[in-house]
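# What the coordinates show
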Amino acid sequence: MGNVVLVTGVARQLGGRFVRRIQRDPDVDRVIGVDAVAPEHHLGGAEFLKADIRHPEIARVLAETGVDTVVHMDINGTALSGRGGRASVKETNVIGTMQLLGACQKAPNVQRLVVKSSTSVYGSAPRDPAVFTENTPPKSLPSGGFAKDTVEVEGYVRGFARRRPDVAVCVLRFANILGPCADSPLAEYFALPVLPTVLGYDPRLQFVHEDDAIDVLRIAAAAPRRGTLNSGTFNIAGDGVLLLSQVSRRLGRATLPLFLPTVTWAGTVLRSLGITDFSPEQIRMLTHGRVVETTQMRETLGFHPRYTTAETFEEFARSRGPGLLPPESLARTVDRLGTLLARRGPSQ
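Quick look at the structure, then. Nothing here was measured: the structure is a model prediction, and the numbers come from that model.

### Considerations on the environment of S143
Structurally, the position occupied by S143 is in the loop between β5 (112-118) and α4 (145-163). Along the primary structure S143 and P280 are separated by 137 residues, whereas in three dimensions their C-alpha atoms are 9.7 Å apart. Setting aside residues no more than four positions away along its own chain, S143 makes contact with K148 and R284.

### So, the nonpolar core
Counting 37 residues, the largest nonpolar core has V7, F18, V71, L172, F174 and I236 as its most contacted members. Among the elements of the structure, β1 (3-8), α1 (13-22), β2 (28-35), β6 (168-174), α6 (210-221) and β11 (232-236) are those that each provide at least two residues to this core. Sort the elements by how many residues they give to this core and α6 lands first, with 7 residues. Grouped together as the second largest cluster of nonpolar side chains are 27 residues, V34, I53, I58 and V115 included.

### Things to note about the sheet that holds strand β4 (residues 69-72)
With respect to topology, 7 strands assemble into an open sheet ordered β3-β2-β1-β4-β5-β6-β11, the strand pairing being parallel. Taken across any chain shown, the strands that pair with only one partner, and hence form the sheet edges, are β3 (47-50) and β11. Strand-to-strand twist of the sheet, defined as the mean angle between neighbouring strand axes without regard to direction, takes the value 20°. The sheet contacts of α4 involve β5 and β6, and relative to β5 the element is tilted by about 160°.

### A word on the pattern of salt bridges
Opposite charge on two side chains permits pairing when their charged atoms draw close. Evaluated as defined, the whole model comprises 19 salt bridges. Here D25 makes a salt bridge to R21, at a shortest N to O gap of 3.1 Å. Note on D25: relative accessible area 13%, which makes it buried. Linked through salt bridges whose partners overlap, the residues forming this network are R21, D25, D212, D215, R218 and R306.

### Describing the packing of aromatic side chains
For the structure on display, the rule yields 7 aromatic pairs. Centroid distance Y122 to F132: 4.6 Å. Interplanar angle 15°. Geometry classified as stacked. Of this pair, Y122 sits in the loop between β5 and α4 while F132 sits in the loop between β5 and α4; the two residues are 10 residues apart in sequence, bridging distant segments of the chain. Note on Y122: relative accessible area 1%, which makes it buried. Given the relative accessible area of 1%, F132 is considered buried. Measuring from centroid to centroid gives 5.4 Å for F190 and F313, while their planes differ by 85°, and the two rings are edge-to-face.

Cut-offs used in this document
- Residues numbered from 1 in each chain as written.
- Predicted model: local features only at pLDDT ≥ 70, side-chain atom pairs only at ≥ 80, totals over all residues.
- Heavy atoms only, no water.
- Helix = DSSP H or I, 4+ residues; strand = E, 2+ residues; numbered from the N terminus.
- Contact = heavy atoms within 4.5 Å.
- Core = buried A, V, L, I, M, F, W, Y, C linked by side-chain atoms within 4.5 Å.
- Buried < 20%, exposed > 50% of the residue type's maximum accessible area, 1.4 Å probe, protein only.
- Pairing = 2+ DSSP bridges.
- Axes fitted to C-alpha atoms, helices over the stretch in contact; angles between N-to-C directions.
- Salt bridge = Lys/Arg side-chain N within 4 Å of Asp/Glu carboxyl O.
- Phe/Tyr/Trp six-rings, centres within 6.5 Å; stacked < 30°, edge-to-face > 60°.

Written out as structure tokens, the structure reads:
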């Protein structure tokens, strides 16, 4: 008998992709997808059970199916169509995780737990270190939104790991996941015709390609390969960084530098109009940026991303089509301005 894998959050694109991919692993005998709403995409040969992880019924699902591996992907920053707003998302993230962990604690067959977390646990603050490691405490804990949810979720996961030391627990802190199917708040922000930015700031950003996200989730959900360890907490990000100014040029989109209070006001307007979830935590990230160290991802977990941060963004940009300003023309204009300014500098 192979592994019996339960995956939460399969109504989202990334969860659906993971379910379809893990079915092909030779060590997996059965895959069960769980979500409160039925997915619009197919799940291959996986079973789908409509269940809300916020309710105690998830314990019955684990008990009746004999699950030995749980991959918890239902931790998100935005609402899915048909699942309410921010309050519903927070309940799913926090209350749902508590219920799921309680069910796992009572299920003797569970041997492995994988949790899709986020580098947002580090927050974004002006006095942050240049690079966060897995052990770096944040200078300022997130005070709300998805980042705070993630901090709470990880706290509950650590408590579960103490209560069930026999279960291998792997927490994956993903940088911003991008790709052709990305449906995150950051992807919505990059889709705006003009990008509001904070005047005087050009933050450093990291990305993970959605294909790499699937691959590292597979590594975390399986028995560790020779010379690796897939229990613990790992930062997951592609090599390199991009500045927000570089991102805008590659998208072919103009930026609109605004004072921070004005950006905050604009975010409130965009949220109220339903255009994008331009949250305060996202504004902080687009002000101060966030970069994480990935040595443990490579040396301990044994995962080497196929895409760098720049390559991830290039593929994302191609999938979104050209912006108002063709990237090549925008780059040439910036280069010309730089040349003119350099020529004028010595004469002044």
